[in-house]
Protein chains: 2
Amino acid sequence: MSMIVNRRDLDFQLYEVLNIESLFESERYASFDRETIDEIFNGAEAIAEEVFLPFADKLDAHEPRFENGTAVSIPEVKLALDAFAEAGFFAAGFDEDIGGLQMPYVTQTAMNGMFSAANGPAYGFVMLTVAAANMLEAFGSDEQKAQFLPAMLEGRWFGTMCLSETQAGSSLSDIRTRAEPRDDGLFNISGTKMWISGGDNDVSENIVHMVLAKLPGAPAGVKGISLFIVPKFRVDASGNMAERNNIELAGLNHKMGQRGLPNTLLNFGESGESVGYLVGEPHQGLHYMFHMMNEARILVGQGAAMSGLAGYLFSLDYARNRPQGRHPQNKDPESPQIPIIEHADVRRLLLSQKASVEGSQALVFYCCVLVDRLKIEADAGEKQRLHLLLEILTPIVKSWPSEFCLEANKMAIQVLGGYGYTRDYPVERFYRDNRLNPIHEGAHGIHGIDLLGRKVAMYGGEALNILLEEIRQTIALAGDDFVAEKKALDDALNTLQVATVAALSCNDVTQRLANATLFLDACGHIVIAWLWLQQASAASAKGSGLATDDDFYTGKITAARYFFRYELPKAIPMLELVASLDRTTLDMGIGEFTGG
Amino acid sequence: MSMIVNRRDLDFQLYEVLNIESLFESERYASFDRETIDEIFNGAEAIAEEVFLPFADKLDAHEPRFENGTAVSIPEVKLALDAFAEAGFFAAGFDEDIGGLQMPYVTQTAMNGMFSAANGPAYGFVMLTVAAANMLEAFGSDEQKAQFLPAMLEGRWFGTMCLSETQAGSSLSDIRTRAEPRDDGLFNISGTKMWISGGDNDVSENIVHMVLAKLPGAPAGVKGISLFIVPKFRVDASGNMAERNNIELAGLNHKMGQRGLPNTLLNFGESGESVGYLVGEPHQGLHYMFHMMNEARILVGQGAAMSGLAGYLFSLDYARNRPQGRHPQNKDPESPQIPIIEHADVRRLLLSQKASVEGSQALVFYCCVLVDRLKIEADAGEKQRLHLLLEILTPIVKSWPSEFCLEANKMAIQVLGGYGYTRDYPVERFYRDNRLNPIHEGAHGIHGIDLLGRKVAMYGGEALNILLEEIRQTIALAGDDFVAEKKALDDALNTLQVATVAALSCNDVTQRLANATLFLDACGHIVIAWLWLQQASAASAKGSGLATDDDFYTGKITAARYFFRYELPKAIPMLELVASLDRTTLDMGIGEFTGG
């Protein structure tokens with residue numbers, strides 16, 4: 001059993017549930033078929049398994065060191081990323097005309113998931129580089145693309161996103177980094193950026209920072225933020241590297257997890273000029289960032305799901321092999337011990353992990369397919385529909401896996417007991433790694449505000465209506481085996497609508513949003529239940545009669561029932577709190593927490 | 001604001017809610033009054049704050065090293081424990097006639113909580129030593145007590161509990177360590193013990209291991225386990241140390257958290273004879289252990305609550321001082337940023353921590369008072385009542401804080417955001433430390449089985465009836481301010497009773513216990529809600545009119561309402577699953593988790 005992927009489940013989700021073969025019928029993806037994708041996946045699985053996985057624990061124990069102003073990684077990181085680059089995977093999602101493979105986003109995400117599960121921090125360099133390159137590709141000038149993109153797509157230059165500053169984390173409107181126009185049309189960037197993952201490394205030849213900064217006289221707040229390319233080494237018009245660009249590594253953050261990926265404090269323009277290139281129009285920086293944010297947030301959800309998957313697979317394997325205890329009715333101490341997977345509570349811990357991990361995976365892939373369909377859809381109305389669906393699902397796909405696959409990792413530790421609490425087993429590392437996901441790319445609470453404060457109300461509630469339609473269609477199509485699940489989901493949708501109407505009718509925006517995080521979690525439970533009903537329906541329809549496949553499909557149906565029985569009911573009291581516009585948290589005085 | 005204790009809350013819980021002054025009226029505790037206890041607490045707080053707290057982060061970063069067969073700690077550990085010993089605190093709970101202070105258990109636990117919050121792993125040596133000494137005091141012979149107890153009460157010799165082996169963790173009936181009778185009335189102990197906290201150290205002069213082992217021809221299973229004293233250095237009849245007793249440190253476990261407390265693999269009798277002393281009668285070892293287990297389990301709950309408290313206090317202080325963002329209705333980016341405690345979701349994260357931490361603390365102290373009252377109660381009937389109440393609360397006091405103060409630590413990290421994810425702030429350490437608590441002293445699931453499989457049915461359900469009576473009495477006494485809370489708690493009790501009857505009426509023990517963990521969590525929610533109603537009633541009655549005290553009492557009432565509105569409702573679907581005798585987890589085939 002692989003510890004980084006369940007290929008059977010990938011096939012099920014991609015082909016049997018989401019029918020991604022329909023994507024291959026489009027002109028854009030016509031060069032792919034299932035066989036080609038399988039081969040690419042085989043190659044990726046081999047590299048992930050043989051090159052990324054073996055040093056994941058070593059990388060955690062040997063985080064990057066600050067040496068002579070550089071973040072120095074153990075040599076395995078470069079070897080792994082070179083192998084990834086050599087396979088052409090940095091360019092997987094980019095258009096053929098700029099040297100990419102033009103793979104569907106859903107297959108690219110599934111493929112990269114294997115690297116994420118094998119060695120999340122090492123794979124992190126890829127994720128950041130692809131995100132930066134995507135942004136350049138979308139908004140950069142032709143000259144900028146020619147200068148920077150080829151080396152990024154080849155995996156020789158890496159990328160970063162430089163948004164946060166020490167005084168501006170969740171509140172980007174407060175950034176202070178400045179960009180002064182120069183005579184040559186470029187800009188001198190000065191300021192300090194915090195929490196920059198991959199902000200320095202000794203792995204890539206150059207680093208392309210995508211930096212938010214303010215032009216002189218820019219409007220206050222988010223409307224005055226512009227986007228700049230600021231490379232570690234300057235680059236001439238032909239894309240040749242020149243001298244250092246005076247970006248100083250001011251420090252490394254020492255994290256609880258994700259230790260292998262350097263997280264940095266960077267000074268721009270302190271020891272000399274840091275030259276930057278304006279991307280697109282002035283003051284549009286945050287707009288450009290948000291344009292790319294949906295994909296970045298899908299990838300956070302995917303990262304969380306992959307940490308969850310790695311923990312699930314490891315603890316499942318352990319539970320099948322670790323003998324301990326006997327069945328409750330067996331009083332004979334001389335009978336042999338049984339594998340712990342025989343114990344009901346261990347099964348609950350495993351089934352809960354399966355439900356969260358594969359449910360998250362289903363949501364991530366569903367959103368990826370929306371991204372792909374947006375690229376190939378010709379009809380403007382349908383395109384708008386897909387767009388709104390993606391908009392409303394984005395806070396959920398970022399947040400639900402981050403919160404609940406972290407819980408899955410907690411359970412993986414529990415399955416291993418004391419062993420799981422030691423660094424000799426990887427499950428505690430997955431738990432530490434995954435703890436980041438509810439924090440970055442918008443903290444958990446921020447997404448609650450995004451969902452309840454913006455998304456459910458946008459276009460007169462159209463996005464929510466489209467989502468409800470999609471869910472109701474799945475309910476309508478599900479068979480009689482799922483009468484209880486259909487009813488439970490339908491009831492939950494009604495409760496969700498009541499809560500939404502109650503919240504939106506409250507004119508006090510603070511009160512309306514007081515329980516936004518609960519709303520986010522509850523919507524996530526409903527969405528995941530919906531996608532489990534979709535999986536169960538597909539499993540119910542497609543049983544092939546092969547013994548092992550029967551097991552697979554039965555397991556899918558049981559996991560769906562588990563989610564409906566054990567998890568979905570939790571959404572109801574959360575939504576009732578939202579509907580009641582409860583003010584408990586607001587009414588708590590600041591001095592009342594401790595008194596005295 | 002102290003980062004390790006809220007003395008105002010201690011006073012409230014001990015004197016205003018639990019009225020521990022009534023204990024001082026007994027002969028046993030007659031030498032104490034509130035003033036004496038206050039002075040002891042002042043001294044303890046100073047040592048905890050000045051000696052234990054300052055090196056907690058260093059200890060985490062420098063775990064004990066394996067050097068020349070010994071676990072070597074940083075020198076601060078010995079200095080701290082020497083200060084603790086010098087204050088006489090090792091002996092705090094022991095009888096005056098053997099050199100103790102004879103402090104009530106509840107005050108001893110409250111006092112030790114400050115050390116636990118300040119530096120859990122360093123304090124761990126104390127907890128283990130006191131537990132071993134308690135067992136010796138209860139079951140050892142006079143000779144054994146004279147040999148071993150004085151040095152332990154002085155804090156010169158430490159103690160351990162040696163139960164687990166690599167193949168016998170949750171299943172103690174499978175231990176293999178053997179005890180061969182010698183001609184001198186002692187025993188040669190041979191075998192390997194795993195997960196032994198404090199199993200070796202360079203801090204104490206000697207270590208007194210309390211070891212479970214089997215005599216030749218002993219019955220199989222738990223009925224054949226005996227208890228032995230096995231010291232690191234042999235001890236003559238007068239208590240003088242002699243040569244090494246051939247206990248070898250075979251390895252240190254490298255843990256996720258609790259790093260400062262060495263956790264060891266020990267070999268007995270491999271390089272020579274390891275001499276042991278039989279405690280009490282043969283084959284009664286597990287019985288003796290269980291006799292002490294209630295107190296050990298209260299202390300696990302207390303440790304979890306103290307990690308939770310440390311995270312709560314730290315994140316509260318941070319939230320009051322960290323400026324970030326603006327109120328939702330404020331669209332002016334040039335207005336100053338507000339402290340994050342102004343944001344509703346941050347308040348929710350803090351209020352949830354307060355509710356879990358102070359609720360756990362209330363449960364711990366409630367159980368401690370039961371221990372104290374059991375020591376002074378003369379009436380046999382009342383004594384049995386107190387005993388049963390403690391029995392049924394024991395799995396809950398161990399488990400609920402372990403599970404939900406871990407969640408509180410997760411929230412403390414969330415309040416600090418990216419900063420909370422770094423090792424520069426202590427909240428990630430608390431989270432790692434606390435992750436142990438649902439694992440040791442009986443894994444979480446084991447306590448579910450204890451509660452639903454044994455405790456609720458014992459003496460014809462008498463223990464549960466007594467608990468329900470206590471809760472109903474609190475409901476009856478609570479005032480009209482709490483009508484909604486009274487009704488919610490009463491409804492929850494009814495749901496609990498329905499679930500209990502349904503479970504106990506199921507003859508298939510495996511099915512009955514399939515959802516025992518949910519039953520445990522739900523009972524915990526009900527018990528914590530009960531104790532919050534008790535606190536709210538006391539706060540409502542005792543408002544003193546001082547401004548800061550008004551804040552304190554109002555905060556208590558709001559936290560109680562928070563728990564009833566946000567947390568208690570979660571118990572209901574859990575109990576409904578128990579009542580439905582749901583078989584989802586049991587029906588999941590082993591091959592169905594992944595298929596293929």
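Just so we're clear, the structure is a prediction, and the values are computed from it rather than from any experiment. (Residues numbered from 1 in each chain as written. Chains lettered and ligands numbered in written order. Predicted model: local features only at pLDDT ≥ 70, side-chain atom pairs only at ≥ 80, totals over all residues. Heavy atoms only, no water.)

**Thoughts on the packing of aromatic side chains**
Piece 1. Inspection of every chain in the model, using the stated rule, returns 47 aromatic pairs over all chains.
Piece 2. Aromatic side chains Phe125(A) and Phe158(A) sit 5.5 Å apart centroid to centroid with 40 degrees between the ring planes, which places their arrangement in the tilted category. Separated by 33 residues along the polypeptide, Phe125(A) in helix H6 (residues 105-139) and Phe158(A) in strand S3 (residues 157-162) bring together distant segments of the chain.
Piece 3. A centroid spacing of 5.0 Å and a plane angle of 75 degrees characterise the contact between Tyr366(B) and Trp530(B), whose relative ring orientation is edge-to-face. Taken together, the residues Tyr366(B) in helix H9 (residues 344-376) and Trp530(B) in helix H16 (residues 516-542) connect sequence positions 164 residues apart. In this structure, Tyr366(B) and Trp530(B) share a single accessibility class: buried.
Piece 4. An aromatic cluster of three or more residues is present, and its members are Phe52(A), Phe84(A), Phe89(A), Phe90(A), Phe115(A), Phe125(A) and Phe158(A).
Piece 5. Between the NZ or CZ atom of Arg34(A) and the centre of the ring of Tyr15(A), over which it lies, the distance is 4.0 Å. (Phe/Tyr/Trp six-rings, centres within 6.5 Å; stacked < 30°, edge-to-face > 60°. Helix = DSSP H or I, 4+ residues; strand = E, 2+ residues; numbered from the N terminus. Buried < 20%, exposed > 50% of the residue type's maximum accessible area, 1.4 Å probe, protein only. Lys NZ or Arg CZ within 6 Å of the ring centre and 35° of its normal.)

**Topic: the nonpolar core**
Piece 1. Within the largest apolar cluster, 388 residues are counted, with the highest numbers of intra-cluster contacts made by Phe115(A), Met210(A), Leu393(A), Phe115(B), Met210(B) and Leu393(B).
Piece 2. Beyond its immediate sequence surroundings of up to four residues, Met210(A) is in contact with Ala132(A), Met135(A), Leu136(A), Thr160(A), Met161(A), Cys162(A), Leu227(A), Phe228(A), Ile229(A), Val279(A) and Met289(A). (Core = buried A, V, L, I, M, F, W, Y, C linked by side-chain atoms within 4.5 Å. Contact = heavy atoms within 4.5 Å.)

**Here's the deal with the interface of chain A and chain B**
Piece 1. Listed as interface residues are 99 residues of chain A and, on the opposing side, 99 residues of chain B.
Piece 2. Here chain A and chain B share an interface that buries about 8,700 Å² over both sides, 58% of which is from carbon and sulfur atoms.
Piece 3. Taken together, chain A and chain B are joined by 10 salt bridges.
Piece 4. With a closest N to O distance of 2.7 Å, Asp174(B) and Arg326(A) form a salt bridge.
Piece 5. Between the two partners, chain A and chain B, sit 66 residue pairs in polar contact (both at pLDDT 80 or more). (Buried area = accessible area lost by both parts, 1.4 Å probe. Salt bridge = Lys/Arg side-chain N within 4 Å of Asp/Glu carboxyl O. Polar contact = N/O pair within 3.5 Å; in protein donor to acceptor, adjacent residues only side chain to side chain.)

**As for the relation of the copies chain A and chain B**
Piece 1. Least-squares fitting of chain A to chain B yields an RMSD of 0.0 Å, with the transformation described by 0.0 Å of translation along the axis and a rotation of 180 degrees. A rotation of that kind, with that shift, is consistent with a two-fold axis. For chain A, the smallest separation between a C-alpha atom and the rotation axis is recorded for Lys570(A), amounting to 3.3 Å.
Piece 2. A share of 100% of the interface residues of chain A reappears at the interface of chain B, consistent with the copies meeting face to face through the same patch. (Least-squares fit on C-alpha atoms with pLDDT ≥ 70 in both.)

**What to know about the pattern of salt bridges**
Piece 1. A full pass over the atoms with the stated rule returns 84 salt bridges over all chains.
Piece 2. For Lys232(A), the salt bridge goes to Asp200(A), with nearest N and O atoms at 2.8 Å. With Lys232(A) in the loop between strand S7 (226-231) and strand S8 (233-235) and Asp200(A) in the loop between strand S5 (187-197) and strand S6 (206-213), this residue pair connects regions lying 32 residues apart in the sequence. Of the two residues examined, Lys232(A) and Asp200(A), each falls in the buried class.
Piece 3. Among the charged side chains, a network of salt bridges with common partners joins Glu403(A), Glu407(A), Lys410(A), Glu403(B), Glu407(B) and Lys410(B).

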